[in-house]
Amino acid sequence: MTTASVYEYIVRTKDLMKVYTMGDQEVRAVDGVALDIRRGEYISIMGPSGSGKSTLFNMIGGLDKPSHGTVFIDETDMAQLTASELAYLRCRKIGYIFQTFNLIPVMTALENVTLPMIFAGLSTDDALDKGVELLRTVGLGERRDHKPTELSGGQQQRVAIARALANDPAIILADEPTGNLDLKTGKEIIALLKEMNEAKKVTVISATHDLKMIDVSDRVVWIRDGKIERIQERADIDLQVGQMAGEEQ
Amino acid sequence: MASEPQSQAGQAGRIVIESQIVLPWSRTLQMTRENIFVRFGRSVITASGIFLGIAFLSAVLFGSAAARVQETLVKSQVGLISTDTAEMQARTIWLVAMSLLVATVGIVNSMLMSVTERYKEIGTMKCLGALDRFIVRLFILESALLGMLGSLTGTIVGTGAMTAVYAGRMGWGHALSSWKETCLVLGGTSVPLWVGIIVGLLVGSFLSVCAALYPAWRAAKMPPAAALRSEF
């Protein structure tokens, strides 16, 4: 646990930067971030709103292009990928979870879950079988034919998690996954993410300001003004959680 | 992509990757059907933009042809000769141009709205691995269907209403004979009404596909993060 070389890194960023021009001012939303994410870990990127965590998250997920610097996923430089290679990466390697769930509104839960599998070339029957199984895993076996509007927020997020897992990705990227959920449902979603992280060995990267997330994280990266303020390991976190639990009561 | 200079092996690798992401036609059709019927109210509004434009266009064309029929009727009955056909012709062309303009604006506006209000959905689809062309294909199919449906009903209602109006004036037989009458003279060629109506139908469908194509293409090209940010 002491030397960095023990770990295999699934995501690495080098001198990552995102600059927005607002009028004649340059705003550095992300300013020179170097972050190595270990395969199979549960890592939380924490920071207040406007700290640049979502921008960082988008660049790691290939949803936005950095102004400067590089993101490597499995040692592949994302900037070198063509549009279709990026689509392939998004389809097979990464599962996305969003604050607003982002289910396709006209499709049922099952259709939402099977869509990435259809893109990946699975036959309809195989996709349906796997989709049903995934929905059962997240506890929504009975709800497969419901449309997103007929599901509660927590249920929609469960569908989103099942959809993110559809093509057995190596990474799950969760952007404020509990942001639109109440305390109890948020806790359930966090527990489900942790469960998937352990059962499927999928790397979970979540951008959040939900302190409940600290509990399950292997590491926490604190972001402020587009820079990494500090990175905490599991061992250091335990102490803090104890204090926080005290504060809550 | 294909225009970039690449080694043979790189090219082959890219083609292999591209062929590994698919959206079968059966699923495309299913998604289009869901998009149209689940958002039925929205689809009706979109189609009604096209409907109104094409109904106006076909009514103008019909009116022009029926006026010619009426004119020949009057001439043969009373023996009068020559109304100013050049002036009438100019007025018809002006009316047709206006109605085409109305149709275009209506169609472009409704398709633009129906695409832009779905930016977020497009961004989500791209996150799930959709290629740009899947998005464009879905919208082309949907707009073509809505365009055809809107144009067809527009034509039926537009010509139907005008037939009824002229039937009241000069009887059903003469009103229906307008279909064979010239509705427009373009560059010396007389265009019969039925040709004009069919062209109107095609124009409606074509315009709605064109109007959807540009915003859909632009949305497909957007970085997913930008598409996801947009709120409607």
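Throughout this description, residue numbers start from 1 for each chain and increase along the sequence as written. For naming, the first written chain is A and the first written ligand is 1, with later ones following in the order written. With the structure being a predicted model, the display of local features is reserved for residues of pLDDT at least 70 and the display and counting of side-chain atom pairs for 80 or more, all residues being used for whole-chain, interface and lining totals.

**Comments concerning the overall build of chain A**
Put simply, the rule is: Counting from the N terminus, the helices are DSSP H or I runs at least four residues long and the strands are E runs at least two residues long. To get the radius of gyration, use the C-alpha atoms; to get the globule rule, take the number of residues to the power 0.38 and multiply by 2.2 Å. Buried means a residue has 20 or more other C-beta atoms within 10 Å of its own C-beta, exposed means 12 or fewer, and partly exposed covers the counts in between; C-beta atoms are placed from the backbone. Note on contacts: each residue gets a C-beta atom placed from the backbone, and two residues are in contact if those atoms are within 7 Å.
Along the backbone of chain A there are 7 helices and 10 strands. Taking 249 residues into account, the globule formula puts the C-alpha radius of gyration at 18 Å, and chain A, at 18 Å, falls close to it. Considering only C-alpha atoms, chain A reaches an extent of 50 × 45 × 45 Å along its principal axes. Relative to its 249 residues, chain A shows a buried fraction of 45%. Within chain A, residue pairs in contact and separated by at least 24 positions form 71% of the contacts whose partners lie at least 6 positions apart.

**Structural notes on the confidence of the model for chain A**
Segments scoring low in pLDDT should not have their predicted coordinates read at a detailed level. The condition that has to hold: On a range of 0 to 100, pLDDT expresses the predictor's confidence in each residue.
Overall, the prediction assigns chain A a mean pLDDT of 89, with 93% of residues at 70 or greater. Predicted confidence is poor over residues 245–249 of chain A, with pLDDT under 50, and the contacts of this stretch with residues over four places away or in other chains come to 0 contacts.

**Remarks on the confidence of the model for chain B**
All names here are of chain B. Across chain B, the average pLDDT comes to 82, with 88% of residues at 70 or higher. pLDDT under 50 marks residues 1–9. Its contacts with residues more than four places away, or in other chains, come to 5 contacts. Scored as a complex, the prediction yields pTM 0.82 and ipTM 0.86.

**Observations concerning the interface of chain A and chain B**
Which entries qualify depends on this criterion: Classes in brief: Ala, Val, Leu, Ile, Met, Phe, Trp, Tyr, Cys and Pro nonpolar; Asp, Glu, Lys and Arg charged; the others, Gly included, polar.
Between chain A and chain B, the residue contacts involve 23 residues of the former and 25 residues of the latter. Every element with two or more residues in the side of chain A that touches chain B is listed here: helix H2 (83–92) and helix H3 (109–119) of chain A. Top contributing element to the side of chain A that touches chain B by residue count: H2 of chain A, with 7 residues. Class assignment of the residues belonging to the side of chain A that touches chain B gives a composition of 14 nonpolar, 5 polar and 4 charged.

**Examining the sheet that holds strand S9 (residues 219–224) of chain A**
All names here are of chain A. To be explicit about the condition: Being paired, for any two strands, means DSSP has found at least two bridges between them. Only C-alpha atoms enter the line fits that serve as axes; for helices the fit covers just the stretch in contact. Angles between N-to-C directions range over 0 to 180 degrees.
On the basis of which strands lie adjacent, the open sheet formed by 6 strands has the order S6-S7-S8-S3-S9-S10 and mixed pairing. Among the strands making up the open sheet, the edge pair consists of strand S6 (94–97) and strand S10 (227–233). Shown here is a sheet whose adjacent strand axes are inclined to one another by a mean of 15°, direction ignored. Strand direction decides the pairing type here: S6 and strand S7 (residues 171–175), joined by 4 bridges, are parallel. Paired with Ile 97 across the bridge in S7 is Ala 174.

**Some details on the environment of Ser 58 of chain B**
Residues and elements named next belong to chain B. Looking at the secondary structure, you find Ser 58 in helix H3 (residues 40–78). What makes Ser 58 buried here is the crowd of 29 C-beta atoms within 10 Å. Separated by 101 residues in sequence, Ser 58 and Thr 159 place their C-alpha atoms 6.0 Å apart. The residues touching Ser 58, leaving out its near neighbours within four places in the chain, are Gly 154, Thr 155, Gly 158, Thr 159, Ile 197 and Gly 200.

**A look at the sheet that holds strand S1 (residues 9–22) of chain A**
Two pairing modes exist for strands in a sheet, parallel and antiparallel, and in both the strands are linked by backbone hydrogen bonds. Residue and element names in this part refer to chain A. Within the open sheet, the 4 strands sit side by side as S2-S1-S4-S5. Their pairing is antiparallel. If you trace the sheet from one side to the other, it starts and ends with strand S2 (25–38) and strand S5 (76–77), each paired once. As defined by bridge partners, S1 adjoins strand S4 (residues 68–73) across 5 bridges and the pair is classed as antiparallel. Residue pairing across strands places Arg 12 opposite Phe 72, the latter belonging to S4.

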